Amino acid sequence: MREIDAVVIGGGVLGCFAARNLTRWQVSALLIEEKNDVCTGITRANTAVVYPGYDNKPGSLKAAMTVRGNGEFHLLCRELEVPFKRCGSLMVSFGNRADKVLRKKYEQGLKNGVPGLRLLSGGEAGVLEPFLAPEVTSALLAPSTGTVNPWELGIAAYENAVQNGCEAWLNTRVLKIRKEKKRYIMETDREPIACRAVLNCAGVSADKIQELLFPPSVRLFLDGTDFLVMDRQMEVPGHIIFHESEEKGKGITAVPAVEGNLLLSSSKRPLHGGLYATDASSLERLRSTAAFLFPDLELEGVIRSFAAVRPNPYRVEVLNGEIVPDEKSIDSFVIENPGPGFWSLIGIKTPGLTCADQLGRYIALKTAEYLDAPPNSGFNARRKSITRLSGLDFESRVLLAEKDPDHGEIICQCEGISKGEILEAIRRGAVTVDGVKRRVGTGMGQCQGSRCSRMISNLLEGAGDEA
Ligand SMILES: Cc1cc2nc3c(=O)[nH]c(=O)nc-3n(C[C@H](O)[C@H](O)[C@H](O)COP(=O)(O)OP(=O)(O)OC[C@H]3O[C@@H](n4cnc5c(N)ncnc54)[C@H](O)[C@@H]3O)c2cc1C
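Nothing here was measured: the structure is a model prediction, and the numbers come from that model.

Colleague: Looking at this structure, I do not really get the state of the cysteines. What am I missing?
Modeller: Put plainly, two cysteines are in a disulfide when a covalent bond ties their sulfur atoms together. In this structure the tally under the stated criterion is 0 disulfides. The cysteine Cys87 is free of any disulfide, with Cys77 supplying the nearest cysteine sulfur at 13 Å. We note that Cys452 lacks a disulfide partner, and the nearest cysteine sulfur, in Cys412, lies 4.4 Å from it. Here Cys452 falls in the buried class, since its relative accessible area comes to 2%.

Colleague: Would you explain the nonpolar core in this entry?
Modeller: If you look at soluble globular proteins, the nonpolar side chains tend to sit buried side by side. Val148 and Leu153 are the most contacted members of the largest nonpolar core, which totals 48 residues. Contributions of two or more residues to this core are made by strand 1 (2-9), helix 1 (13-22), strand 2 (29-32), helix 2 (61-80), helix 5 (150-163), strand 12 (193-200), strand 20 (342-345) and helix 8 (356-371). In contact with Leu153, not counting residues within four places along its chain, are Phe17, Phe73, Leu76, Cys77, Leu80, Val82, Val148 and Leu353. Counting 27 residues, the second largest nonpolar core, distinct from the first, contains Ala125, Leu141, Leu264 and Leu299.

Colleague: I keep staring at the packing of helix 2 against helix 5 and nothing clicks. Help me out?
Modeller: The relative placement of two packed helices is expressed as an angle between their axes plus a distance between the axes. Put simply, helix 2 and helix 5 touch, their axes get as near as 10 Å, and they point 60° apart. Here helix 5 runs oblique to helix 2, going by the angle between their axes. Our pair here, helix 2 against helix 5, has a crossing hand that is left-handed. Residue-level contacts link Phe73, Leu76, Cys77 and Leu80 of helix 2 to Leu153, Ala156, Ala157 and Asn160 of helix 5. Class assignment of the residues belonging to the contact of helix 2 with helix 5 gives a composition of 7 nonpolar, 1 polar and no charged.

Colleague: Hey, could you run me through the domain arrangement of the chain in this one?
Modeller: How big an interface is tends to be reported as the loss of accessible area on association of its parts. The domain architecture assigned to the chain consists of domain 1 (2-44 + 151-220 + 314-371), domain 2 (83-146 + 222-311) and domain 3 (389-466). Centre-to-centre separation of domain 1 and domain 3, based on C-alpha positions: 32 Å. Of the residues lining the interface, 9 residues belong to domain 1; the matching set on domain 3 comes to 11 residues. When domain 1 packs against domain 3, the two sides together hide about 850 Å² of surface, and 42% of this comes from carbon and sulfur.

Colleague: Honestly, the sheet that holds strand 7 (residues 138-142) in this entry has me stumped. Any pointers?
Modeller: The pairing of strands in a sheet happens through backbone hydrogen bonds and is either parallel or antiparallel. Ordered in space as 6-7-5-14-15-16-13-17-18, the 9 strands form an open sheet in which the pairing is mixed. The strands lining the two open edges of the sheet, one partner per strand, are strand 6 (118-121) and strand 18 (322-325). Neighbour-to-neighbour, the strand axes of the sheet open up by a mean angle of 25°, direction not taken into account. Those strands touched by helix 7 (residues 280-293) are strand 5 (89-93), strand 13 (218-230), strand 14 (240-244), strand 16 (262-265) and strand 17 (302-319), and its axis lies near 55° from that of strand 13.

Colleague: What is the right way to look at unusual backbone geometry in this model?
Modeller: Both trends apply: most residues other than glycine have a negative phi, and most peptide bonds are in trans. For the bond running from Thr350 to Pro351, omega is 10°, close enough to zero to count as cis. Looking at the element boundaries, Pro351 is found in the loop between strand 20 and helix 8. Positive phi, close to 60°, is recorded for Cys39, a residue that is not glycine. Here Cys39 shows up in the loop between strand 2 and strand 3 (49-50). For Cys39, a relative accessible area of 0% puts it in the buried group. Within the chain, Asn171 stands out as a residue other than glycine whose phi angle is a positive 55°.

Rules used throughout
Residues numbered from 1 in each chain as written. Predicted model: local features only at pLDDT ≥ 70, side-chain atom pairs only at ≥ 80, totals over all residues. Heavy atoms only, no water. Disulfide = S-S within 2.5 Å. Buried < 20%, exposed > 50% of the residue type's maximum accessible area, 1.4 Å probe, protein only. Core = buried A, V, L, I, M, F, W, Y, C linked by side-chain atoms within 4.5 Å. Helix = DSSP H or I, 4+ residues; strand = E, 2+ residues; numbered from the N terminus. Contact = heavy atoms within 4.5 Å. Axes fitted to C-alpha atoms, helices over the stretch in contact; angles between N-to-C directions. Parallel < 35°, antiparallel > 145°, perpendicular 65-115°, else oblique. Left-handed = near helix turned anticlockwise from the far one by under 90°. Nonpolar A, V, L, I, M, F, W, Y, C, P; charged D, E, K, R; others polar. Domains from an automatic or database assignment. Buried area = accessible area lost by both parts, 1.4 Å probe. Pairing = 2+ DSSP bridges.

In structure tokens, the structure reads:
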């Protein structure tokens, strides 16, 4: 049986950052992911906001990690060569209840050390963001809020982890875990593995993974959220807008994403149908609220809708053999340590993306301390991104196409993405059309991949034949 120091279960953004941060230490590490690629779970459908940190209780780990994570985000994205836009946010209100919420968040943000916060009148907000409806009564400006593409960030962390020596088993499911003396023996559908530490980052299954070995302590109950994406040719707001509605919990969020598209996300709703199935009435509410918030937004520019699942963690007790959850879900980050060398991140919702590196550092440090591992002086934090034609001027594009003719052949016409970029995405691990999309952005334009998907499939098949 293979022996390894530490196994990370799950290749979402949290597992990828746990793995990357493990490689800062002299630890042999393995990431196990049941899907054929990383970042296809919760991380794939997410609002993409790098939060400023005024939403969280002063003194909490969540508040501290959010403010620190936000403050360092540009450095992280520079190391990993991932686009990041610090566009700032406005939380807007339309009445008394929401005005009070904004003031409370402002005061909380000051206590948390969020930089640059300002409470504005509706008029001042309208000057900053002309897209907003004139009925806005007040707004909370947070200049440090930003946006990042979640899967691009996770994939970059994964590539950097592998570059620093982390091994990865994709298409591999963890089935059972048992303890033998000081080792955890993990049965997978590939081969068993023995390890001294486990970092459980299994997203919506993190509770079940922990229960493979330990009694139930936290259970996840899922709900959903819907999204609309607008074509990037449309005129959209420049700030991230958080709508604090007069009806508690019914506000929406609008994010001008790094790719230029506007992302609109609904309030939460119960799950219907499949895990990632959209809900027609929730999408309709999202549209009408967006029309109310932004009277001049041309919603005919919507090119796509999708849904997300949100794992809500509840403390549970076992009473007479039955699992009984607490009445309220847990508000803080759930970081469980049910046995020596075993850490679980369970039900990490918003702001998990903002804190992915912080959480990864935290459990990697705990693991290194447990394993008594010294720092890895060979750790290289820098990861090279795929050269993107869209980021080059005309002359550089011509030079690149002369050097490599695949860069002169455009496959995704909407986004101007070349065969060369797609082949590089495949070399780096994309095995599906969606995997290529998540690495170079094909199929994100107006035609949503109807023109290029066939050609990308052919390139994937060709690469498979060569392998
Ligand atoms: C609707 C929504 C919007 C959000 N918006 C934001 C935001 O704007 N800003 C922000 O900071 N945060 C946001 N978050 C939070 C953030 O998206 C999450 O914290 C983060 O993506 C969670 O990632 P993860 O790695 O835990 O889960 P996942 O991405 O789901 O990864 C878990 C992985 O584990 C794998 N796995 C499961 N079981 C097994 C097994 N038995 N064996 C092997 N592999 C297994 C799965 O296949 C999956 O790939 C949002 C969350 C939601 C739900």
